[in-house]
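Survey of secondary and tertiary structure
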4 protein chains.
Amino acid sequence: MAALGIGLIGTGYMGKCHAMAWNAVLPVFGDVEAPRLLHLAETSDERARQRASELGFEKATGDWRTFLDDPLVDVVSITTPNQFHAEMAIAALEAGKHVWCEKPMATALADAERMQEAAARSGKVAVLGYNYIQNPVIRHIRRLLSEGAIGEVNHVRIEMDEDFMADPTTPFSTRSALASGYGALDDFGVHPLSLLFTLFGHVESVVTDMVKPSEERPLSGGGARKVENHDVASVLMRMESGTSVVLMVNRAAWGRKGRIALQVFGSTGSILYDQERMNEFEIYQANGPTENQGFRKVLAGPYHQPYDRFVPAPGHSLGFNDLKVIECRELIAAIGGKPANLIDFKDGLRIERSVHAMAQSFADRGWVRVEA
Amino acid sequence: MAALGIGLIGTGYMGKCHAMAWNAVLPVFGDVEAPRLLHLAETSDERARQRASELGFEKATGDWRTFLDDPLVDVVSITTPNQFHAEMAIAALEAGKHVWCEKPMATALADAERMQEAAARSGKVAVLGYNYIQNPVIRHIRRLLSEGAIGEVNHVRIEMDEDFMADPTTPFSTRSALASGYGALDDFGVHPLSLLFTLFGHVESVVTDMVKPSEERPLSGGGARKVENHDVASVLMRMESGTSVVLMVNRAAWGRKGRIALQVFGSTGSILYDQERMNEFEIYQANGPTENQGFRKVLAGPYHQPYDRFVPAPGHSLGFNDLKVIECRELIAAIGGKPANLIDFKDGLRIERSVHAMAQSFADRGWVRVEA
Amino acid sequence: MAALGIGLIGTGYMGKCHAMAWNAVLPVFGDVEAPRLLHLAETSDERARQRASELGFEKATGDWRTFLDDPLVDVVSITTPNQFHAEMAIAALEAGKHVWCEKPMATALADAERMQEAAARSGKVAVLGYNYIQNPVIRHIRRLLSEGAIGEVNHVRIEMDEDFMADPTTPFSTRSALASGYGALDDFGVHPLSLLFTLFGHVESVVTDMVKPSEERPLSGGGARKVENHDVASVLMRMESGTSVVLMVNRAAWGRKGRIALQVFGSTGSILYDQERMNEFEIYQANGPTENQGFRKVLAGPYHQPYDRFVPAPGHSLGFNDLKVIECRELIAAIGGKPANLIDFKDGLRIERSVHAMAQSFADRGWVRVEA
Amino acid sequence: MAALGIGLIGTGYMGKCHAMAWNAVLPVFGDVEAPRLLHLAETSDERARQRASELGFEKATGDWRTFLDDPLVDVVSITTPNQFHAEMAIAALEAGKHVWCEKPMATALADAERMQEAAARSGKVAVLGYNYIQNPVIRHIRRLLSEGAIGEVNHVRIEMDEDFMADPTTPFSTRSALASGYGALDDFGVHPLSLLFTLFGHVESVVTDMVKPSEERPLSGGGARKVENHDVASVLMRMESGTSVVLMVNRAAWGRKGRIALQVFGSTGSILYDQERMNEFEIYQANGPTENQGFRKVLAGPYHQPYDRFVPAPGHSLGFNDLKVIECRELIAAIGGKPANLIDFKDGLRIERSVHAMAQSFADRGWVRVEA
């Protein structure tokens with residue numbers, strides 16, 4: 001496969017994460033051409049130049065539109081704030097580029113729909129950065145479920161909790177403004193939804209409750225401002241498959257730093273997973289002598305591919321950034337016309353619709369169907 | 001305090017548990033008169049005699065009504081199947097006895113209401129066997145919450161899971177018949193409700209989803225019968241205090257044996273607890289250097305009273321039966337007119353009403369208010 | 001079996017623990033006669049009377065020798081400080097009583113040898129209160145080992161840690177005086193040795209290192225006194241079977257409250273156990289697909305007998321005191337001439353000899369053989 | 001700082017790990033010049049070419065000596081089997097290159113000594129690949145210890161366990177031949193020794209026991225061969241500081257995959273760490289109310305530098321390979337004359353001497369002093 005030319009827009013953490021992935025994908029996997037890190041765009045030429053030097057890009061620009069004309073650019077990584085995703089992704093797709101856009105798709109559902117339409121028109125690969133689904137442990141759980149390792153799944157619980165909004169004395173920021181979204185629901189609710197989609201398909205209906213742990217937050221200049229969205233959301237859900245799910249998200253959960261805790265109950269066993277310990281999972285299988293049954297804690301190892309591309313020995317831990325390298329390898333496969341484990345704009349739109357249905361359910365105080 | 005005369009009806013596990021508690025309360029606490037284990041009632045004279053010998057009771061009868069006339073009997077322990085609670089409790093109260101009745105109160109809400117009325121009329125102590133609230137760890141958590149150790153509580157999650165109904169090949173039993181109740185919701189949903197009541201007060205409104213992991217179960221004689229109630233229930237709740245709670249119960253949760261997992265999120269910290277490891281809890285307090293903050297696992301010790309009455313050294317574990325001994329000591333206090341940590345028929349009725357509101361919410365597919 | 005008459009000497013925590021066990025053994029097991037709690041001896045008549053009332057004994061005395069003449073007394077529970085064990089046990093045995101003596105046997109090896117000789121002469125049951133071996137989980141581990149569940153055992157590690165001596169500002173007490181023994185080694189080193197004996201037999205040779213975390217301790221009246229024994233001991237051991245063991249004890253281990261952590265490595269698997277979570281163990285068995293292998297956490301349940309005598313449901317936790325009830329039931333079996341799971345004075349003496357060999361190894365700075 | 005020219009010898013897992021680190025160090029840290037991956041050496045030209053293409057090196061050779069003449073090469077990464085380290089490292093140092101050599105230094109102590117002499121003569125940076133010490137969590141623990149967070153350390157236990165030698169049916173390989181070393185002791189015993197050195201300095205004296213779980217192993221062609229070294233080693237140690245340490249290594253420990261479990265006991269607290277969960281540690285500090293004291297599980301976060309260079313959010317996990325990137329950044333610092341957190345050949349030699357003293361102690365059955 002020929003070397004890909006890469007353009008990157010945005011160099012916050014996720015931009016750096018994309019850059020690290022593009023750098024690592026060859027030495028880790030060994031079976032791709034070294035990507036060419038061509039263009040990096042930031043909000044000014046100067047900032048772009050500095051970040052290009054730090055992240056190993058050849059050229060820098062303060063205007064991301066400029067490099068859409070460069071025929072050497074094959075893929076555009078979009079890692080800017082969410083409100084810019086739609087404009088950039090649509091422009092890149094219309095310029096004939098593949099798009100690797102960070103989640104969530106957009107702040108408005110209409111924008112996400114336009115992105116999906118642009119992707120469909122373009123025939124290009126257009127995928128979202130839902131890296132948690134790349135964890136070899138998650139891939140293995142999916143395989144176990146499909147092989148019937150715990151029989152038929154009948155109930156699922158998933159929690160995503162962090163504490164960056166937990167301190168009531170943290171000043172009001174855009175995160176608490178309605179313009180930035182519903183709060184925890186779309187801020188990181190989309191992450192567990194990406195896992196649920198990967199493992200169990202799409203959501204059919206929801207009923208939601210939401211909470212504001214802080215009614216208002218201090219303003220830096222004195223005074224306070226009412227908090228406009230919700231840091232806690234709890235949702236009863238039914239999947240299209242009929243499976244019942246409880247989804248709980250809380251970005252004000254003191255002590256939780258990166259928890260995505262999954263409990264899957266089946267007719268012959270159960271599976272547990274927690275992203276804070278992303279290199280292990282637990283499985284209970286109701287077989288063998290009752291007196292010796294228990295949850296088995298399995299450590300990630302080379303038999304959970306592609307862990308083996310990173311480390312040949314089990315129990316030696318992949319890290320969060322490694323997931324992006326796997327995602328990058330999947331993207332290269334998709335661009336090469338191979339099957340790939342990714343969430344494209346079409347499935348991503350379904351995730352966005354689930355989120356909006358949840359918010360509507362809270363407003364209406366009742367069950368809401370998700371548009372298919 | 002004078003020695004109490006005890007009558008016991010029912011000698012299944014909970015009957016034995018009461019007998020063990022009445023035997024242990026003196027050597028453990030040392031500050032009560034030795035209770036006199038006078039009468040034991042079972043379904044036949046013969047069975048009663050055998051169990052009286054095994055459990056250390058003086059007299060045995062196949063007719064529980066007979067000993068209500070014995071003036072030496074002060075307290076009646078009722079540990080029979082749930083459908084008999086109302087008749088027995090009301091008769092005992094009307095005979096001027098104190099009543100210690102196992103949970104839940106009754107299978108029909110109307111019966112629970114009659115029990116509460118009889119208790120109110122009698123002026124006697126009438127309490128329910130919600131022993132989980134007696135755990136010194138739970139008592140300590142309550143104290144921590146009341147002292148503001150994690151600030152203002154804004155969100156709670158509680159799960160109760162066991163797996164005795166998990167195997168789809170287990171034959172149909174009365175547990176799966178509508179006559180025995182809604183399923184997981186009242187089978188053991190009342191346990192987490194007792195903890196929620198103890199820690200956070202009464203429930204105000206609920207919305208429920210329920211699942212049947214098995215649509216039907218085999219009959220011993222061949223064929224199968226439709227399952228009539230639900231082994232899984234999930235509830236979004238608001239407490240009268242406004243606190244948002246997610247309650248999840250699952251009696252088909254493979255691998256869970258006695259899980260009652262509690263997560264309490266507050267404005268300055270969080271508390272975690274799991275009944276399967278009933279001698280510890282975790283607390284996160286957002287103070288001290290950020291780089292050293294974490295969940296602190298606290299082992300039960302003599303400073304969590306009345307743990308000290310059982311063992312003087314920390315980390316040496318109380319057991320499930322010890323909780324009943326503490327409950328017994330509380331009951332003796334209540335009979336002596338002292339303040340006691342117990343759930344009486346009045347508060348118990350509120351718990352029953354919550355359960356019924358949950359079931360109604362599932363039927364109506366919407367939020368339901370709990371009758372106060 | 002006829003009811004046993006009980007005499008109890010000493011009413012500190014272990015005395016109370018014996019009393020609780022004698023009270024509970026009937027209602028728990030149901031298959032014994034109710035023991036008669038006849039005599040309680042303490043250091044004065046008055047103290048004895050108070051404790052007899054609290055613990056449910058019929059008579060009280062300030063002189064333990066008096067009740068050795070009572071023909072109704074069948075068993076004497078000895079729970080006094082260690083230096084009195086020898087005198088009391090020998091007198092009781094010579095008076096024709098069975099003896100249930102708390103561990104360790106004695107402070108001097110010669111005393112332990114005299115106790116063993118008296119027991120041998122008497123033909124009576126003479127056992128030590130090593131209750132940890134009664135845990136249904138430990139019994140189950142022994143069965144698993146004997147059934148070859150992890151193949152041939154080749155290496156064992158065992159740690160016992162508490163923190164009651166961890167604070168350097170705790171004043172000097174007799175615990176730190178040479179007269180009370182070697183320190184951690186005999187203070188609680190005998191507990192892991194009782195487990196090792198139960199699971200793997202006797203010790204053959206040892207090499208020891210010991211540490212004094214505090215060189216001196218403050219005296220209450222001012223000044224300080226040199227610490228005379230060691231709060232930390234580490235021992236490399238070989239069992240008579242050839243198995244290699246590392247024994248580590250630390251009574252100054254901050255944060256450890258009742259830890260007895262066992263790791264057993266075999267040719268086809270491993271087993272883990274920790275007394276701080278005494279209702280569970282972990283087993284790894286190298287079978288099935290590699291990618292699903294892991295340590296299986298098994299919760300104690302009714303299939304781990306005699307857990308079922310306490311609670312019929314798994315995952316509901318026995319407590320520390322319940323172990324003493326099981327020990328009591330074993331003692332009654334032994335008195336009735338039945339096989340019993342107990343450590344008698346003969347095996348107890350071997351444990352004492354191991355401890356003394358360890359101390360000698362530290363003095364000699366080399367390997368020492370344990371006298372058989 | 002100018003770009004470094006890199007030569008790499010060996011492309012097994014550790015060779016790949018070096019290549020990944022050289023590729024990642026710029027995008028991760030942003031403050032270095034992009035290293036030039038110039039030469040890759042393997043056992044044949046063909047194999048070298050293939051691996052150079054996979055790992056992103058410019059040139060390939062079947063003879064590592066050829067690139068020592070290239071003045072553009074500044075650093076040589078040596079990742080070949082241990083028996084080649086001495087020859088290669090000495091040649092590279094004599095050619096004026098910096099050397100980054102994987103651990104352990106050499107199979108013979110004399111070789112390690114020659115390596116150290118060559119390093120001293122050269123004035124070049126000569127360091128060993130002890131990457132576990134780079135974990136931000138380990139660095140933080142070191143800082144905590146130096147700040148007195150748990151007072152004065154008095155006792156340490158460290159275990160390193162994996163199970164790649166656990167299966168007795170695994171055929172005899174060079175790992176079990178004496179020529180490859182003592183077994184677990186130097187195979188991975190040097191890893192915990194690197195941690196001990198980093199945290200507590202050098203070893204003063206040791207006493208060792210070792211075990212062969214399998215006396216012989218099958219030969220592929222039929223028959224069996226006696227195992228010549230030991231898969232299990234246990235060591236009582238004293239550090240030069242006087243601290244007592246128990247070191248336990250087991251490469252036949254079923255179920256352990258990458259365990260390096262550390263327990264540090266101090267006068268005011270304790271610290272726990274396990275490499276299998278390398279993104280967390282536990283600390284117990286004996287302050288605050290006793291009833292709330294416990295081990296605090298701290299998740300790695302950006303405040304544990306340089307975690308922040310990889311991920312800005314806590315609880316998101318670094319991986320094993322990330323440690324090598326940190327090590328690479330430290331190496332670049334050292335080459336630039338800056339202070340660096342590395343184990344150079346001088347300290348590495350002390351680690352080797354400790355290992356050899358341990359083996360001698362086993363042969364002599366007694367305490368042995370480590371040569372300073």
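Residues numbered from 1 in each chain as written. Chains lettered and ligands numbered in written order. Predicted model: local features only at pLDDT ≥ 70, side-chain atom pairs only at ≥ 80, totals over all residues. Heavy atoms only, no water.

All names here are of chain A. Under the domain assignment used here, chain A contains domain 1 (5-131) and domain 2 (132-314 + 339-369). The C-alpha centroid of domain 2 is placed 26 Å from the C-alpha centroid of domain 1. With 22 residues of domain 1 at the interface, the matching set in domain 2 holds 23 residues. Considering only the surface of domain 1 that becomes buried against domain 2, Leu109, Tyr130 and Asn131 emerge as the three largest contributors, covering 33% of it. In this structure, the connection of domain 1 to domain 2 is made through one salt bridge. Across the pair Arg353 and Glu113 runs a salt bridge whose closest N-O atoms are separated by 3.2 Å. Scanning the region where domain 1 abuts domain 2 turns up eleven residue pairs in polar contact (both at pLDDT 80 or more). At six residues, the largest contribution of residues to the side of domain 1 that touches domain 2 is made by helix 4 (residues 109-122). Looking at the side of domain 1 that touches domain 2, its residues break down into 17 nonpolar, three polar and two charged. (Domains from an automatic or database assignment. Contact = heavy atoms within 4.5 Å. Buried area = accessible area lost by both parts, 1.4 Å probe. Salt bridge = Lys/Arg side-chain N within 4 Å of Asp/Glu carboxyl O. Polar contact = N/O pair within 3.5 Å; in protein donor to acceptor, adjacent residues only side chain to side chain. Helix = DSSP H or I, 4+ residues; strand = E, 2+ residues; numbered from the N terminus. Nonpolar A, V, L, I, M, F, W, Y, C, P; charged D, E, K, R; others polar.)

What follows is about the interface of chain B and chain D. Contacts between chain B and chain D engage 15 residues on the former and 15 residues on the latter. Carbon and sulfur atoms supply 49% of the area that chain B and chain D bury against each other, a total of about 1,300 Å² over both sides. Linking chain B with chain D are two salt bridges, by the criterion used here. Glu291(D) is the salt-bridge partner of Arg143(B), the closest N and O atoms lying 3.0 Å from each other. At the junction of chain B with chain D, the criterion picks out ten residue pairs in polar contact (both at pLDDT 80 or more).

This part is about the sheet that holds strand 3 (residues 59-61) of chain D. Residue and element names in this part refer to chain D. Spatially, 3-2-1-4-5-6-17 is the arrangement adopted by the seven strands of the open sheet, whose pairing is mixed. Edge positions in the sheet fall to strand 3 and strand 17 (343-344), since each has one partner strand and no second. With four bridges connecting them, strand 4 (residues 75-78) and strand 5 (residues 98-101) associate as parallel partners. Paired with Val76 across the bridge in strand 5 is Val99. Lying over the sheet, helix 1 (residues 13-29) contacts strand 1 (5-9), strand 2 (36-41), strand 4 and strand 5, oriented at roughly 165° with respect to strand 1. (Pairing = 2+ DSSP bridges. Axes fitted to C-alpha atoms, helices over the stretch in contact; angles between N-to-C directions.)

All names here are of chain B. Here Arg353 shows up in helix 10 (residues 345-364). On the basis of relative accessible area, Arg353 is assigned to the buried category, the value being 14%. In this structure Arg353 touches Leu109, Glu113, Val370, Glu371 and Ala372, once residues within four positions along its chain are discounted. (Buried < 20%, exposed > 50% of the residue type's maximum accessible area, 1.4 Å probe, protein only.)

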